[in-house]
Amino acid sequence: AIAKNAESLKTDVDSINAQIVHHVETTLARAAFNVDEMAMYQAAALSVRDRLIHNWDVTQTFHTQARTKRVYYFSLEYLLGRGYDNALLNLGVRQPYNEGLKGLGFNMEDVIDVERDMGLGNGGLGRLAACYLDSTSTLDIPCWGYTLRYSQGIFKQIIDSSGNQVEVPDPWLENQNPWEIPRLDNAVEIKFHGEATPGEGGKGPGTWTGGLDVLAVPYDIPVPGYKTQTTNNIRAWSARGKVSFDLAKFNAGDYDAAVREAEEAETITRVLYPNENFDKGKALRLKQQYFWVAASLHDICRRFRKLRVPWSEFPDYNAIQLNDTHPTLAIPELMRILVDEEGQPWDEAWEIVRRTFSYTNHTVLSEALEKWSVPLVEWLLPRHLQIIYEINLDMLKDVEKKWPNDRARLARMSLIEEGYPKMVRMANLAVVGSHRVNGVAALHSHLVQQDLFPDFVEYLGRDHFGNVTNGVTARRWLLQCNPSLAKLITDTLGSDEWVVNLDKLEGLTKYAKDKAFQKKWAACKQANRERLCDYIEATLGLTVNRHALIDVQVKRIHEYKRQFMNILGVIFRYLQLKKMSPADRKRLVPRLSVFAGKAAPGYYIAKLIIRLCNAVSKTINADKDIRESLSVAFLPDYSVSLAEIIIPASDISEHISTAGTEASGTSNMKFALNGGLLLGTLDGANIEIAEAVGDENVFFFGHVTPDVPKLRRAHHFGEVQYPAELLEVVDAIRSGMFGEAGVFEPLLGTLFEGKDHYLVSDDFLSYLQAQKMVDEAYVDQPSWVEKTINSTARMGRFASDRAVLQYAEEIWNIEPIKIPQDA
Ligand code: 26W
C-alpha cells in the first residue's frame with residue numbers, strides 16, 4: 001500500500017493546492033492560466049480520487065486478509081448523483097478544499113456545479129441502492145455493489161414549447177468520469193445461446209457449449225464512508241465485443257462483419273432502460289440481466305476459490321441481496337456453476353444457493369412483475385431454462401406432497417405460467433431461491449405476504465418473509481444538501497454525532513417551542529426557499545413570491561402516484577381565487593406549486609400529465625390578478641442534484657399515491673428530515689413516518705388500502721357520484737382555459753371511461769380538505785415551525801444506517817469490522 005504520508009494524502013491547504021496543480025499540469029496536461037471551472041473540478045476531483053483509491057486499497061486488502069464475510073448488493077441501478085461534494089464531506093476535507101480552491105481563485109459552489117450526475121438509475125430503487133452503499137461504508141460493513149456501466153444513463157428531460165417531455169441522451173461519460181477505475185485486467189467472458197444438455201436424471205452435471213461470448217469489463221467506483229477509512233466498492237460491468245477472436249472472418253477479409261458483431265455485443269450496456277414499475281419484456285433487457293449477474297458471480301466465485309474451503313461454506317463468506325427481481329437469474333446461474341462446473345450434488349448446491357440469496361421486493365403493481373417468455377429464455381440461456389424447470393419440478397412435487405390434488409395451488413405457485421407463450425415468473429423463482437424475502441415498508445411487506453405470495457407464506461413459513469423499512473442517508477440528504485440547517489443542528493446539539501446516529505436528532509424536540517431557536521430554524525428554511533426561487537427564475541424565467549408556501553411533488557410521473565390529482569387541485573385553487581375579491585385573495589396564504597419528474601418515454605398518459613402541468617402553469621403564471629397568490633413551476637430534468645435544491649426548500653411535500661400502491665417512498669423521508677411537512681395518503685412509509693413524527697405533524701387524507709377493491713368495483717359498475725368540485729375542474733380544462741382542450745381528453749378519460757383505476761375521484765374531496773388544513777395551519781407560524789422541528793427531530797429511524805444494520809443482523813448475518821489504524 002501507499003505510505004500514509006505520501007504527498008497525495010496530505011490534507012493541509014498548501015498540499016491540497018499542490019495536488020490539484022499537479023493534476024492540472026500532468027493528468028489534464030493544461031497550463032495553469034488555462035483553467036476553467038470544468039478543469040478545476042476535474043483536477044480537484046482527481047486529487048480526491050487519489051485519497052479514495054488509497055482507502056479503497058487499504059479496505060480491500062484488509063477484508064481479504066481477514067477473510068471477512070462480504071455482502072454483495074445486486075442492483076441494476078445505482079442513482080449516485082454527484083460524487084465530489086459527498087466525497088469531500090465523507091473524507092472530512094471539505095474545509096481545506098474550500099480554502100484551497102479559494103486560493104486558486106475558484107468558488108467551491110461553482111466548481112461543485114459543473115459535475116454531471118451519475119444517473120445510472122430511474123428513481124427510488126436506484127437511489128436506495130446508493131444510500132445503502134453509503135451506509136455500509138459508514139458502518140464498516142464489508143460490501144460490494146454490482147451493477148452495469150451504462151454508456152447512457154437516465155435520459156435528460158427537455159420540455160418543448162407545447163409543454164411536452166422530450167427525451168435526449170445523457171452522455172454522462174463525455175467529460176471523463178473521475179469516480180471510476182477501469183480494471184481491464186479483470187475482464188470475464190460471458191456466454192449466450194449455444195446448446196445445452198441436462199445432467200443425468202435432471203440433477204446431474206449438465207453441459208453448455210458453443211454460443212456467443214461477450215467480454216465483461218469491470219469499472220470500480222469507490223464508496224467512501226463518513227469519517228471512516230472503510231471504502232466499499234461498486235463494480236459496474238461494461239460489455240465489450242471480442243473482435244480479435246473472430247479470426248476466420250477477419251482473415252477472410254470480412255473486417256466489417258467482425259467489427260459489427262463486436263459492436264452488437266457492446267449494445268448490451270449501451271443504455272439504462274427508462275421504465276420504472278413497468279415490465280416490457282425486451283430481449284436486450286434479459287441480456288443485460290444475465291450479462292450482469294454472470295459476470296458478478298464469476299467474480300465472487302473466483303474470490304471464493306482463493307479461500308480454499310469447501311463450497312458448502314460459500315454462504316459463510318458471501319451474502320447476496322437481490323434488489324428486486326432484476327438479478328433473479330443469479331439463482332440458476334449459481335446452480336449452474338455449482339452443479340455443472342464444480343461438480344456439487346444438486347441438493348447441496350440448492351442449499352448453498354438458498355442460504356446465499358435474499359430478495360427485496362419493491363412493488364406490488366402487477367404490471368411491474370417480471371415475466372420472461374420461455375422461448376426467449378430458451379434461445380438466450382438454454383441451460384438456465386433446464387435448471388429452472390428442474391427447480392420447479394422439485395418444488396411442485398413437494399407442494400403436491402403437502403397439498404395433494406390441489407391443482408389450482410400448483411398452477412399459482414409454478415415458476416412457469418401456462419399460456420401462449422409460457423412465461424417464467426421471476427418473483428416466484430426469487431422467493432424459492434432465497435432464505436428471506438422482504439418488503440420495504442410495514443404496509444408493503446404485509447401486502448407482499450397477503451396479496452403477492454400467500455401460497456409461498458404457507459409453503460415456506462412466515463419466517464421466510466419480513467420487513468425492512470427503507471431509509472435514507474443523512475450524509476447526502478441533510479449534511480450535504482442543507483448545510484445551514486445541519487450547522488444549526490450541530491451547534492444546538494453541541495455535537496455532530498447525529499450524522500452517524502440519526503436518533504440523536506431527538507434532542508431537538510426540547511427546542512421546538514424555543515422562540516430564538518424557531519427563528520434560526522425558520523431563517524434556514526427561508527434561505528433555502530430563496531435558493532429554490534433563484535433556481536426557478538434562472539431556469540424558467542418565472543418570478544415568484546418569495547414568501548409563498550412551497551408545495552412540492554417531485555418523483556417519477558405515474559398514474560398511481562397521482563400527480564394528476566395534485567394538478568387538478570391546483571386548478572381548483574385557481575378557480576377559487578378567481579372568484580374571490582382581491583382583498584380576500586390577499587388574506588390567503590400564497591402558494592408556489594412545484595412539480596418535477598420524468599415519465600417513461602412510452603408512457604402516454606404520464607406524458608399527458610406533464611403536458612397538463614405545463615399548460616396549467618402557463619395560464620396561471622400569466623394571470624396578473626393571481627400572480628401574488630399562486631404560481632406553478634414544472635422544473636425540467638429532475639435528478640439527484642435537483643432534489644438537493646428542492647428538498648431543503650419545501651414546506652409541504654405531496655406523497656399521495658392510491659393506498660396500497662407505493663411500496664415505500666423515500667423522498668417522503670428526505671422532506672421530513674429537512675423540516676418539510678408531509679401531505680399524504682396512508683400508504684407506504686408515510687404511515688410509519690406519521691407514527692414517528694406524530695399525527696399532529698402531518699396532513700393525511702383519503703381512503704385506506706382495504707377500501708380500494710370495493711371502490712374499484714363501484715367504478716366498474718358505474719355506481720359512483722363524481723364530486724361537483726372535480727367536475728368543475730374538468731369543465732375548466734374542457735373549456736380551453738389551459739389551451740387546446742382536446743389534447744387532454746385521453747387523460748380525462750382515465751377518470752371516466754377508464755373507471756378511475758387510481759381513485760382520484762374518490763379521494764379528491766378529502767385531498768382538497770387536507771389542502772385547506774395546510775393553509776390554515778400555516779397561518780400560525782410559531783406552531784408551524786414547531787411542527788417542522790418536531791418532524792426533523794423524530795426522523796432518526798428512517799436512517800439508511802438503521803435499515804442496513806437490520807439487513808446485516810436479520811438477513812446477511814454479517815458484522816461491522818473496523819479497519820485497524822494504519823492497516
Ligand atoms: C421491470 C420494470 C421495473 C423496473 C423498476 C419494475 C420495477 C422497478 C422498480 C422496482 C420500481 C421502483 O423503483 N420501486 C420503488 O422502490 C423504492 C425503493 O424501495 C420505493 O421507495 C418505491 O415506493 C417504489 O416505487
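Position numbers for residues count from 1 along each chain, tracking the sequence in the order it is written. Per-residue local features of the predicted model are confined to residues with pLDDT of at least 70, and side-chain atom pairs are confined, for both listing and counting, to 80 or more; whole-chain, interface and lining totals are unaffected and use all residues.

Going by the annotation in an unreviewed UniProt entry, the name recorded for the protein is Alpha-1,4 glucan phosphorylase, with Rhodotorula toruloides given as the source organism. Turning to the protein, the UniProt record has this under Function (unreviewed entry): "Allosteric enzyme that catalyzes the rate-limiting step in glycogen catabolism, the phosphorolytic cleavage of glycogen to produce glucose-1-phosphate, and plays a central role in maintaining cellular and organismal glucose homeostasis." Here is the UniProt Catalytic activity (unreviewed entry) comment for the protein, exactly as written: "[(1->4)-alpha-D-glucosyl](n) + phosphate = [(1->4)-alpha-D-glucosyl](n-1) + alpha-D-glucose 1-phosphate". UniProt positions are given in the numbering used here, feature names are shortened, and annotations may be inferred rather than shown by experiment.

S.K.: Which residues make up the overall build of the protein, and what are the values?
M.R.: Across its full length, the protein holds 33 helices and 25 strands. This radius of gyration counts C-alpha atoms alone. The globule rule is 2.2 Å times how many residues there are, raised to the power 0.38. Here the C-alpha radius of gyration of the protein, 27 Å, is about what a compact globule of 823 residues would show, namely 28 Å. The long-range share in the protein, meaning contacts at least 24 apart out of those at least 6 apart in sequence, stands at 77%. Each helix is a run of H or I in the DSSP string that is no shorter than four residues. Each strand is a run of E no shorter than two, and both are numbered from the N terminus. We call two residues in contact when their backbone-placed C-beta atoms lie within 7 Å.

S.K.: Hey, could you go over helix α27 (residues 686–693) for me, with residue numbers and the actual values?
M.R.: The α-helix advances 3.6 residues per turn, and as a result positions three or four apart in sequence lie on the same side. Three classes are used. A residue is buried when 20 or more other C-beta atoms lie within 10 Å of its own, exposed when 12 or fewer do, and partly exposed in between, with C-beta atoms placed from the backbone. Here α27 lies mainly inside the structure; six of its eight residues are buried. The complete set of buried residues in α27 reads Asn686, Ile687, Glu688, Ile689, Ala690 and Val693. Buried residues along α27 sit in contact with α17 (442–452), β23 (652–655), α26 (667–673), β24 (677–680), β25 (699–700) and α32 (781–793). Looking at the residues trailing α27, positive phi occurs at Gly694, about 105 degrees.

S.K.: An account of the packing of helix α22 (residues 563–579) against helix α31 (residues 760–779) is needed here, citing residue identities and associated values.
M.R.: Two packed helices can be described by the angle between their axes and the distance between those axes. Between N-to-C directions, angles cover 0 to 180 degrees, with each direction set by a line fitted to C-alpha atoms, over the stretch in contact for helices. Interaxial distance between α22 and α31 falls to 10 Å at its minimum, and their mutual angle equals 55 degrees. Classified by the angle their axes make, α22 and α31 are oblique. α22 and α31 meet at a crossing whose hand is right-handed. Where α22 approaches α31, its residues Phe564, Met565, Leu568, Gly569 and Phe572 are matched on the opposing element by Val760, Asp763, Phe764, Tyr767, Leu768 and Gln771. Lys, Arg, Asp and Glu make up the charged group, whereas Ala, Val, Leu, Ile, Met, Phe, Trp, Tyr, Cys and Pro make up the nonpolar group; the residues left over, Gly among them, are polar. Along the lines of polarity and charge, the residues of the contact of α22 with α31 split into eight nonpolar, two polar and one charged. Roughly parallel refers to an angle under 35 degrees, roughly antiparallel to one over 145, roughly perpendicular to one between 65 and 115, and oblique to any angle outside these ranges. Crossing handedness follows the turn of the near helix against the far one: under a right angle anticlockwise gives a left-handed crossing, and clockwise gives a right-handed one.

S.K.: Just give me the short version of the site of the ligand, but keep the residues and values in it.
M.R.: Around the ligand lies a shell of 22 residues, among which Gly124, Leu125, His362, Ala663 and Ser664 are the nearest. When its residues are assigned to classes, the shell around the ligand shows six nonpolar, 11 polar and five charged. Nearness rests on one distance test: the residue's C-beta atom, set from the backbone, must lie within 6 Å of the molecule or strand.

S.K.: Before we move on, could you go through helix α1 (residues 13–25) and cite the residues and values that matter?
M.R.: In this scheme, a helix's expected span is set at 1.5 Å multiplied by one less than its residue total. With 13 residues, α1 extends 18 Å from end C-alpha to end C-alpha; this agrees with the ideal 18 Å at 1.5 Å per step. Within α1 the residues assigned to the buried category are Ile16, Gln19, Ile20, His23 and Val24. End-on view of α1: buried residues confined to an arc of 140 degrees, all on one side of the axis. Looking at the packing, one finds that the buried side of α1 touches α2 (37–65) and α4 (94–103). It is the directions from the helix axis to the C-beta atoms whose arc is reported.

S.K.: Give a detailed account of the domain arrangement of the protein, specifying residues and quantitative values.
M.R.: Taken domain by domain, the protein consists of domain 1 (67–82 + 117–435) and domain 2 (548–795). Marked domain ranges trace back to an automatic or database domain assignment. A C-alpha centroid distance of 37 Å is found between domain 1 and domain 2. Tallying the contact residues gives 28 residues for domain 1 and 22 residues for domain 2. Elements with a minimum of two residues in the side of domain 1 that touches domain 2: β2 (78–81), α6 (124–138), β5 (156–159) and β6 (165–168). Class assignment of the residues belonging to the side of domain 1 that touches domain 2 gives a composition of nine nonpolar, 13 polar and six charged.

S.K.: Before we move on, can you summarise the sheet that holds β25 with the specific residues and values?
M.R.: Here we have six strands laid out as an open sheet, ordered β22-β21-β20-β23-β24-β25, and parallel in their pairing. The open sheet has two edge strands, β22 (630–635) and β25, and neither has a second partner. Where strand β20 (residues 549–554) and strand β21 (residues 591–596) come together, six bridges link them in parallel fashion. Residue pairing for β21: Gln553 is matched across the bridge by Phe595. At least two DSSP bridges between two strands are needed for those strands to be called paired.

S.K.: Break down the pairing of strand β4 (residues 143–148) for me, citing the residues and quoting the values.
M.R.: The element β4 is extensively covered by neighbouring structure, given that six of its six residues are classed as buried. The alternating pattern of β4 places Cys143, Gly145 and Thr147 on one face and Trp144, Tyr146 and Leu148 on the opposite face, and all of these are buried. In this sheet, strand β12 (residues 231–240) lies alongside β4 in parallel orientation, the contact comprising five bridges. The partner of Leu148 across the bridge, within β12, is Trp237.

S.K.: An account of the nonpolar core is needed here, citing residue identities and associated values.
M.R.: Here a nonpolar core is just a set of buried residues of the types Ala, Val, Leu, Ile, Met, Phe, Trp, Tyr and Cys, joined wherever their C-beta atoms sit within 7 Å. Core analysis: the largest hydrophobic core is formed by 218 residues, its most contacted members being Ala44, Phe291, Ala330 and Val616. Summarising the domain contributions, this core has at least three residues from each of domain 1 (67–82 + 117–435) and domain 2 (548–795). Contacts of Phe291, omitting those with residues within four sequence positions, involve Ile190, Val214, Ala216, Trp237, Ala239 and Ile268.

S.K.: Now, about the sheet that holds strand β17 (residues 423–425): what can you tell me, with residues and values included?
M.R.: Taken in spatial order, the three strands line up as β15-β17-β16 in an open sheet, and their pairing is antiparallel. Because the sheet does not close on itself, it has two edges, and the strands there are β15 (371–373) and β16 (416–417). Sheet analysis places β15 next to β17, joined by three bridges and oriented antiparallel. The residue bridging Trp372 from the neighbouring strand is Val424, located in β17.

S.K.: Residue-level account of the UniProt feature "modified residue: N6-(pyridoxal phosphate)lysine" (unreviewed entry) in the protein, with values.
M.R.: The positions that UniProt labels "modified residue: N6-(pyridoxal phosphate)lysine" (unreviewed entry) are, in the present scheme, Lys670. Tracing the backbone through its elements, the reader meets Lys670 in helix α26. Looking at Lys670, the number of C-beta atoms within 10 Å reads 29, which means it is buried. Leave out the neighbours within four places in its chain, and Lys670 touches Val472, Trp477 and Ile647.

S.K.: Account for the environment of Gly702, naming residues and giving values.
M.R.: Along the chain, Gly702 falls in the loop between β25 and α28 (708–716). Sequence separation between Gly702 and Ser766 is 64 residues; the distance between their C-alpha atoms is 5.8 Å. Aside from chain neighbours lying at most four places away, what touches Gly702 is Ala659, Thr681, Leu682, Asp763, Ser766 and Tyr767.

S.K.: Report on the environment of Leu410, specifying residues and quantitative values.
M.R.: In this structure, Leu410 sits in helix α15 (residues 407–413). Along the sequence, Leu410 and Ser312 sit 98 residues apart, while their C-alpha atoms lie 31 Å from each other. Not counting residues within four places of it along the chain, the set of residues in contact with Leu410 comprises Leu396, Val399 and Glu400.

S.K.: Tell me about unusual backbone geometry, and name the residues and values.
M.R.: Looking along the chain, the bond that leaves Tyr420 and enters Pro421 is cis, with omega of 0 degrees. Note on placement: Pro421 falls in the loop between β16 and β17. Even without a glycine there, the phi angle at Arg562 is positive, about 60 degrees. Counting through the fold element by element, Arg562 comes out in the loop between β20 and α22. Although it is not a glycine, Asp756 adopts a positive phi angle of roughly 45 degrees. On the neighbour-count criterion, Asp756 (22 C-beta atoms within 10 Å) is buried.

S.K.: Report on the pairing of β23, specifying residues and quantitative values.
M.R.: Covered by surrounding structure in β23 are Ile652 and Glu654 together with Ser653 and His655, the residues of both alternating faces. Direction of pairing for β20 relative to β23: parallel, over a ladder of two bridges. What sits directly across from Asp551, in β23, is Ile652. Pairing analysis gives four bridges linking β23 to β24, with the strands arranged parallel. By the bridge assignment, Ile652 is partnered in β24 with Leu677. When the strands point away from the viewer and the path from the first strand over the helix to the second turns clockwise, the crossover is right-handed. Read from β23 through α26 to β24, the crossover connection turns out right-handed.

S.K.: Go over the environment of Lys227, please, and point to the residues and values.
M.R.: With respect to the element layout, Lys227 can be found in the loop between β11 (212–224) and β12. Lys227 gets classed as partly exposed once you count the C-beta atoms within 10 Å, which come to 14. When the C-alpha positions of Lys227 and Val500 are compared, they lie 9.3 Å apart, and in sequence the two are 273 residues distant.

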